[in-house]
Amino acid sequence: HTRSMQALRAPPPAPRVYPLAGPGPLLVRRRVVSPSPQPSSQNRPRHRTGARRPPASTVSASSSAAPWGATNAGAEVQVKVVGVGSAGVDYLASVAAFPAPDAKLRTDALEIQGGGNAGNALTTMARLGLRPAILTKLSDDGAGKAILDEFTADGVDTCAVVVEPGRSSPMTYIIVDRAGSTRTCIHTPGPAFTPEEMPRNAIESMLEGAALLYFDGRLIEVALKVAAVAQDMGVPMLVEGERVREGLDELLLLGDYVVTSTDYPKAATGEEDLEAAMVKLAASLPRAKALVTTLGSRGAVMLQRVNEWGEAGGGDGKGEKRETLAGLLAKLEEDAAAA
């Protein structure tokens, strides 16, 4: 659903990067993405629309960045990314402002598009020229067939999708509030998905040659089984934490990279302020190389682990501004208020 809101804004400016001062292993480097201004009312929320796939991004198989499975020196292959999570149909209703209880109002626009966090992320990857594949569960109804057709048109591999006949595929009604730049989702889940439906050999086949495995925080039981196999195969994992869910904390522990919503760190840790919550969450995820928390209209913050010499595997930080996380969040609040 993130993509529906991204289209309400102009392309963001280049991010500002600062190293975060602080003692010990919680010394991190954060990437701050500045929010972009609100566009005119003519820009309608779009979901998985726009230009189809550009020329594929490729890497040399002889390069250290080449994905596993590339054996011929000098051969060019597409980067494979596998995603596990939600895919469905979204009904996007754009309104001038969110309705009060019992209110009746007209939409500015209504669009029926593909949705789901995993579906959106993998569609974006396909349009950037990567080679994504999705694991999710649908039914054989009209919505399910439309979802598969849209993925195929965008270049997302659906060979691993499980289809259960006679059920309803996932759908979400989304109220897009243009005034507040928010979206409210009312979700109808699809058929239940159990780990027994994905035998280990099928998971290994799906992950063969993958450079990254992405989880959107849904389908937890299946995700945990896939993550265990990925760990055995050495496939890096990115895990999304949108809201507290049963079993998600266990999945986050396996993530090499973790991305959360604004509210997740506080909800997961019990801390009242975001600074303490982010630091506490990062400390509880020893495997994670980076923790990214989105801040809505204020942008996003990334906490990146560094060693005792302040090195994070990318740049030496020379000449970069240094400040505390508390100072950064305060500055973001000021920027949002000024905007």
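Check the entry above for the structure.
Overview of the structure. Here the structure is a predicted model, which is why all the values come from computation and not from measurement. Residue indices follow the written sequence of each chain, beginning from 1 at its first position. Totals for whole chains, interfaces and linings use all residues, but because this is a predicted model, local features are given only for residues with pLDDT of at least 70 and pairs of side-chain atoms are given and counted only at 80 or more. Derived side-chain values reflect all non-hydrogen atoms in the structure, with water molecules and hydrogen atoms excluded from consideration.

Quick word on the sheet that holds strand β16 (residues 290-294)
(1) Moving on: Only strands joined by at least two bridges in the DSSP assignment are considered to pair. Labels follow the DSSP assignment, with helices taken as runs of H or I lasting at least four residues and strands as runs of E lasting at least two, numbered in each case from the N terminus. Strand order across the open sheet formed by seven strands is β8-β5-β13-β14-β15-β16-β17, with mixed pairing between neighbours. The two strands at the open ends of the sheet, each matched to only one other strand, are β8 (131-135) and β17 (300-304). Strand-to-strand twist in this sheet, taken as the mean axis angle between neighbours without regard to direction, amounts to 15°.
(2) Moving on: Note: strand β5 (residues 80-84) against strand β13 (residues 210-215), five bridges, orientation parallel. Following the sheet pairing, lysine 80 is matched in β13 by alanine 210.
(3) Moving on: Two residues qualify as a contact provided that any one of their heavy atoms is within 4.5 Å of a heavy atom in the partner residue. Orientation is described by axes fitted as lines to C-alpha atoms, over the contacting stretch for helices, and by angles from 0 to 180 degrees between their N-to-C directions. The strands that helix α2 (residues 117-127) touches are β5, β8, β13 and β14 (237-241); relative to β8, the one it contacts most, it runs at about 165°.
(4) Moving on: Lying over the sheet, helix α4 (residues 200-207) contacts β5, β8 and β13, oriented at roughly 140° with respect to β5.

Points about helix α3 (residues 142-154)
(1) Moving on: A helix is expected to reach a length of 1.5 Å times the quantity of its residues less one. The end-to-end C-alpha distance of α3 is 19 Å, a good match for the 18 Å that 13 residues give at a rise of 1.5 Å each.
(2) Moving on: Relative accessibility under 20% of the residue-type maximum defines a buried residue, over 50% an exposed one, and the middle range a partly exposed one, all with a 1.4 Å probe and only protein chains included. Where α3 is concerned, the buried positions are Gly144, Ile147, Glu150, Phe151 and Asp154. In a view along the axis of α3, the buried residues occupy a sector of 130°, so they form one face of it. Residues Gly142, Lys145, Asp149 and Thr152 are exposed on α3 and point more than 90 degrees away from its buried face.
(3) Moving on: Looking at the buried positions of α3, the neighbouring elements they touch are β6 (88-95), β7 (109-115), α2, β8 and β9 (137-139).
(4) Moving on: Remark: glycine 155 follows α3 within two positions and exhibits a positive phi of approximately 95°. Arc, as used here, means the arc of the directions from the helix axis to the C-beta atoms.

A few points about the pattern of salt bridges
(1) Moving on: When a carboxyl oxygen of Asp or Glu is within 4 Å of a side-chain nitrogen of Lys or Arg, the pair counts as a salt bridge. In this structure the tally under the stated criterion is 14 salt bridges.
(2) Moving on: One salt bridge connects glutamate 242 with arginine 218, and the closest N-O pair in it is separated by 3.5 Å. With glutamate 242 in the loop between β14 and α6 (248-252) and arginine 218 in the loop between β13 and α5 (220-233), this pair connects stretches of sequence that are 24 residues apart. Side by side, glutamate 242 and arginine 218 carry an identical accessibility label, which is buried.
(3) Moving on: Salt bridges sharing partners connect three or more residues here, namely Arg183, Arg218, Glu242, Arg243 and Arg245.

A word on the sheet that holds β7
Whenever strands of a sheet pair, they do so through backbone hydrogen bonds, lying parallel or antiparallel.
(1) Moving on: Pairing is mixed in the open sheet, where four strands are placed in the order β7-β6-β11-β12. Two strands close off the open sheet at either side, each with one partner strand: β7 and β12 (182-188). Across the sheet, the mean angle separating the axes of adjacent strands is 20° when strand polarity is ignored.
(2) Moving on: Sheet topology note: the β6/β7 ladder contains seven bridges and is antiparallel. Following the sheet pairing, valine 89 is matched in β7 by glycine 114.

Details of the environment of alanine 109
(1) Moving on: Assignment of secondary structure puts alanine 109 in strand β7.
(2) Moving on: Put simply, alanine 109 and alanine 93 are 16 residues apart on the chain and 6.0 Å apart in space, counted from C-alpha to C-alpha.

Here's the deal with the nonpolar core
(1) Moving on: Leu135, Leu207, Leu213, Phe215, Val226 and Leu251 are the most contacted members of the largest nonpolar core, which has 41 residues in total.
(2) Moving on: The dominant element in this core, judged by the number of residues it contributes, is α5, at eight residues.
(3) Moving on: Apart from the residues within four sequence positions on either side, phenylalanine 215 is in contact with Val84, Ala223, Val226, Ala227, Met237, Leu238, Val239, Glu240 and Leu251.
(4) Moving on: What makes a nonpolar core is a set of buried Ala, Val, Leu, Ile, Met, Phe, Trp, Tyr and Cys residues whose side-chain atoms join them at distances within 4.5 Å. Judged by nonpolar contacts, the second largest core, of 14 residues, contains Ala118, Ala126, Phe151 and Val156.

Here we look at the packing of α4 against α5
(1) Moving on: In the contact formed by α4 and α5, the axes pass within 10 Å of each other and the chain directions differ by 60°. With respect to their mutual orientation, α4 and α5 come out oblique. Read as a crossing pair, α4 and α5 show a hand that is right-handed. Seen from α4, the contacting residues are Arg200, Ile203, Glu204, Met206 and Leu207; seen from α5, they are Lys225, Val226, Val229, Ala230, Asp232 and Met233.
(2) Moving on: All amino acids are sorted into three groups, where Ala, Val, Leu, Ile, Met, Phe, Trp, Tyr, Cys and Pro are nonpolar, Asp, Glu, Lys and Arg are charged, and the leftover types, Gly among them, are polar. A class-by-class count of the residues in the contact of α4 with α5 yields seven nonpolar, no polar and four charged. Small angles under 35 degrees read as roughly parallel and large ones over 145 as roughly antiparallel, with 65 to 115 read as roughly perpendicular and the rest as oblique. In a left-handed crossing the near helix is turned counterclockwise from the far helix by less than a right angle, and in a right-handed crossing that turn is clockwise.

So, a nonpolar patch on the surface
(1) Moving on: A surface patch of nonpolar side chains, about 290 Å² in accessible area, is lined by Leu110, Tyr173 and Ile186.
(2) Moving on: Within the secondary structure layout, leucine 110 lies in strand β7. Patch membership requires over 30% relative accessible area and the absence of a salt bridge. Like charges are linked within 9 Å, and nonpolar side chains (Val, Leu, Ile, Met, Phe, Trp, Tyr) within 5 Å. Areas reported here follow the Shrake-Rupley algorithm with a probe of radius 1.4 Å; residue values treat only the protein chains shown as occluding.

What to know about the pairing of β6
(1) Moving on: With seven of its eight residues buried, β6 lies for the most part within the structure.
(2) Moving on: Here seven bridges tie β6 to strand β11 (residues 171-177), and the two strands are oriented parallel to one another. Note on β11: the bridge partner recorded for alanine 93 is isoleucine 175.

All quantities given are derived from atomic positions and should not be read as evidence of function.
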